[in-house]
Amino acid sequence: MSDENGAEEPEVSEEPQEPQERLTGRQRLVAGLWPPRVSRAQLTVAVLLFVLGLGLAIQVNTTSDNGGTLRGARQEDLVRILTEVDNRTQRLEDEKRGLETQRSQLQSSSDQAAEALKQTRQKEQQLGILAGTVAAEGPGITLTVTDPHGSVEADSLLDTLQELRAAGAEAIQINNVRVVADTYFTDGSDGVLIDGHRVAQPYVFTVIGNPQDLEPALNIPGGVVQTLEKEQATADVVRSQKIVVDALRPSKQPDYARSSSR
């Protein structure tokens, strides 16, 4: 075709265009998710979450393993363990009340200097017992460890001592050696040494404390008595209302430490 000026007009195609293909919602979702486009920050967060989950799983598994002994324990053993925990709590409460009573006596006494001197002397006696410089007597137990096969080593005796301390023992001697805060155990060529002194068996623990607390603490499942029996040793516990701890330690003056008023 040509217009009035004789110029030819371009031909226009009359063929219909194909409509653009429409995607469904599911197809658009798949197209958005695949292939995955992960940034470095997202990858780092994923790794951290994986490590955190792995740590929690290990912790839960460890806790479950540690509770296996209690799950397999008899009812009377569980009652004994619970009683031991209650006894320890009671001892802490008694100590707290005692300190509060001393404070009240100091605050209310008409002669505070005399009351302070009285309490200082009582404290000196208590510290002397702890330091092993004075003898002590009171209720407690005698624990005799017999080791015919020589399988009990220093670490077993140390565990026994720690269990007694945790149960509220106030004064302890093993055979003729007074136990104090810095007492140590070593294995020697001819037996166990306590503070450098050879101790022959049977090992006799003379312990002052509440017998109702001390004996059950040694007999809990997995405790001292069962551990010693696994080492083919025997542990005999005898309660008494009068135990005498008379092995003494020499009073030692510190080389560097001095009392401070601050």
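Let me sum up the structure you'll find in this document. (Residues numbered from 1 in each chain as written. Predicted model: local features only at pLDDT ≥ 70, side-chain atom pairs only at ≥ 80, totals over all residues. Heavy atoms only, no water.)

### A word on helix H6 (residues 154–166)
In step 1: Helix length check: H6 (13 residues) gives 18 Å between terminal C-alpha atoms against 18 Å at 1.5 Å per residue, within 8%.
In step 2: Looking at H6, one finds that the buried residues are Ala-154, Ser-156, Leu-157, Thr-160, Leu-161, Glu-163 and Leu-164.
In step 3: Looking one or two residues beyond H6, the residue adopting positive phi is Gly-168, at roughly 105°. (Helix = DSSP H or I, 4+ residues; strand = E, 2+ residues; numbered from the N terminus. Expected span 1.5 Å × (residues − 1). Buried < 20%, exposed > 50% of the residue type's maximum accessible area, 1.4 Å probe, protein only.)

### Quick notes on a nonpolar patch on the surface
In step 1: Nonpolar side chains collect at one region of the surface, where Val-47, Phe-50, Val-51, Leu-54 and Ile-58 lie side by side and expose about 500 Å² of accessible area between them.
In step 2: Its location among the elements puts Val-51 in helix H2 (residues 40–66). (Patch = residues over 30% accessible without salt bridge, like charges linked within 9 Å, V, L, I, M, F, W, Y side chains within 5 Å. Areas by Shrake-Rupley, 256 points an atom, 1.4 Å probe, with all protein chains shown as cover. Salt bridge = Lys/Arg side-chain N within 4 Å of Asp/Glu carboxyl O.)

### Structural notes on helix H7 (residues 211–218)
In step 1: Counting buried positions along H7 gives six out of eight residues, so the element sits mostly inside the fold.
In step 2: Within the sequence span of H7, burial applies to Pro-211, Asp-213, Leu-214, Pro-216, Ala-217 and Leu-218.

### Digging into the environment of Val-192
In step 1: Take Val-192: it is sitting in strand S5 (residues 191–194).
In step 2: In this structure, the C-alpha to C-alpha distance between Val-192 and Val-152, residues 40 residues apart in sequence, is 8.7 Å.
In step 3: Beyond its immediate sequence surroundings of up to four residues, Val-192 is in contact with Val-152, Glu-153, Ala-154, Leu-157, Phe-185, Thr-186, Asp-187, His-197, Arg-198, Val-199 and Tyr-203. (Contact = heavy atoms within 4.5 Å.)

### Description of the pattern of salt bridges
In step 1: Going through the model one piece at a time under the given rule, you end up with four salt bridges.
In step 2: Taking the shortest distance from any N to any O, the salt bridge between Asp-195 and Arg-249 comes out at 2.6 Å. Highlighted residues: Asp-195 in the loop between S5 and strand S6 (197–198) and Arg-249 in the segment after strand S8 (234–245), separated in sequence by 54 residues.
In step 3: On the accessibility criterion, Asp-195 (12% relative accessible area) is buried.
In step 4: The exposure class of Arg-249 is partly exposed, given its relative accessible area of 22%.

### Considerations on the pairing of strand S1 (residues 136–146)
In step 1: Pairing of S1 with S8, which is carried by ten bridges, proceeds in the antiparallel orientation. Bridged to Gly-138 within S8 is Ile-243.
In step 2: When S1 meets strand S7 (residues 203–208), the two strands line up antiparallel, connected through six bridges. From the neighbouring strand, Val-145 faces S7, where its bridge partner is Tyr-203. (Pairing = 2+ DSSP bridges.)

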